[in-house]
Structures are given as structure tokens and as C-alpha cells.
Amino acid sequence: MSAMFESNLPLDMRVSDLLLAIGCGKKSDRPDKTLRCALRKYALEVSPSKKGRRWELLRLAAFERQMSFIDVDIAEVQTSDLAMWRDTRIGQTSASTATREMTLLHGVFAVACKEWLWLRVNPMKGLRRPMQPPPRDRRISALEIDLIISELGYQVGAKPTNVSQRIAVAWLFAIET
């Protein structure tokens, strides 16, 4: 049973009306199934339930501006289209950002395949991820340790008496482990 809201319409009816209002679908059995519509439907139906919904909504909107193939039928989107987009993004952002964006797109295509039945195969499947940079290996210097401890008002070996000093002790413990 659908939840009821002020308009007394079931929630699923309100979502379909909203999709129609934003230009994704016609009043027929077969709605338009462009990549743009998939991104918008995902933003309305999937992203709101996620902890990182704000980031997802911003990225989904950015995809609409960035992708030259946004108005192509989603079933016509090829892995090669996505590879060109990925290569462009790597030139504009870090490899880590491009990887996070690819993960989001993979999720959109996965839902389009499994739940909406808009696709048979996820075009993101098999698409190489960008090479990640090596992890950072910088160690904090003794001078930096002394400066931070001093700013927190802690003397090494003394009993902490306030929150800042307790933070200093916890931080010292953390950098030793």
C-alpha cells in the first residue's frame, strides 16, 4: 500500500507525475528512456534514501551538463561513450573523483537494468577505472608534533585536565599506533 500525502495521491503516482513534469515520459505505455530521464528518476527514487544524497544529487545534475550523449536512449549508450566521458573527466579532476563518479553512474545503470528493466546489460560493466595515485606516506615531524601539542595546551607526561589536553593525548596515542 502506498503512503498518502496532503494531495491524497499515492506516492508512486506523485513520482510519475513529477517525471512527466520534468520531461521524462509521456502518457503512454513506453516512457522516454533517455540517460537524462534515468538520472532524474534515480535522483527522485534512489538518492533520497542514501546518506550521501546531497553529493549524489549534485553529481547527477552535473552529469546532465557534462555528457554529450545525455539525450540518447539509455539502451543506445555504449561503453565507448562512457570511456570517452571518463577520459575527459580524468583530465578535469583527480582519478579519485572520476572513480567516485563512475561508481555513481554504475549504480544508475544497475538500477535501470535490474529494477526498471530499461536495459539488458550495464554499459559500465568492464569499463576500466582510472589508475589511483599511490597512497601518501608522509610522516609528521617532531617539530609539528611539538607545535600541535603546545597549541592544545598539553605537557607530555602531565595528566590532562581539559578536553583539549585529552585530545592531545588521544592524538599522541594515534600517531604511535
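Calculation criteria
- Residues numbered from 1 in each chain as written.
- Predicted model: local features only at pLDDT ≥ 70, side-chain atom pairs only at ≥ 80, totals over all residues.
- Heavy atoms only, no water.
- Helix = DSSP H or I, 4+ residues; strand = E, 2+ residues; numbered from the N terminus.
- Buried < 20%, exposed > 50% of the residue type's maximum accessible area, 1.4 Å probe, protein only.
- Axes fitted to C-alpha atoms, helices over the stretch in contact; angles between N-to-C directions.
- Parallel < 35°, antiparallel > 145°, perpendicular 65-115°, else oblique.
- Left-handed = near helix turned anticlockwise from the far one by under 90°.
- Contact = heavy atoms within 4.5 Å.
- Salt bridge = Lys/Arg side-chain N within 4 Å of Asp/Glu carboxyl O.

Enquirer: Looking at this structure, how should I read the overall build of the protein chain?
Expert: Assigned secondary structure in the protein chain consists of seven helices and zero strands. Ordered by position from N to C terminus, the α and β elements of the protein chain give α-α-α-α-α-α-α. Counting only residues that meet the buried cut, the protein chain has 34% of its 177 residues in that class.

Enquirer: Sorry, what's going on with the packing of helix α2 (residues 35-45) against helix α3 (residues 53-66) here?
Expert: Two numbers describe a pair of packed helices, the interaxial angle and the distance between the axes. In the contact formed by α2 and α3, the axes pass within 10 Å of each other and the chain directions differ by 170 degrees. Relative to α3, α2 is oriented roughly antiparallel. In this structure, α2 crosses over α3, and the sense of that crossing is left-handed. The segment α2 lies against α3, with R36, L39, R40, Y42 and A43 engaging E56, L57, L60, F63 and E64.

Enquirer: So what exactly am I meant to see when it comes to the pattern of salt bridges here?
Expert: One side chain can pair with another of opposite charge once the charged atoms of both are near each other. Evaluation of the coordinates by the stated rule reveals nine salt bridges. When the shortest N-O distance is used, the salt bridge between E64 and R40 registers 3.0 Å. Placement of E64 in helix α3 and of R40 in helix α2 is noted, with a sequence separation of 24 residues between them. A salt bridge links K50 to E56, with the nearest nitrogen and oxygen atoms 2.9 Å apart.

The values are spatial; any link to function lies outside them.
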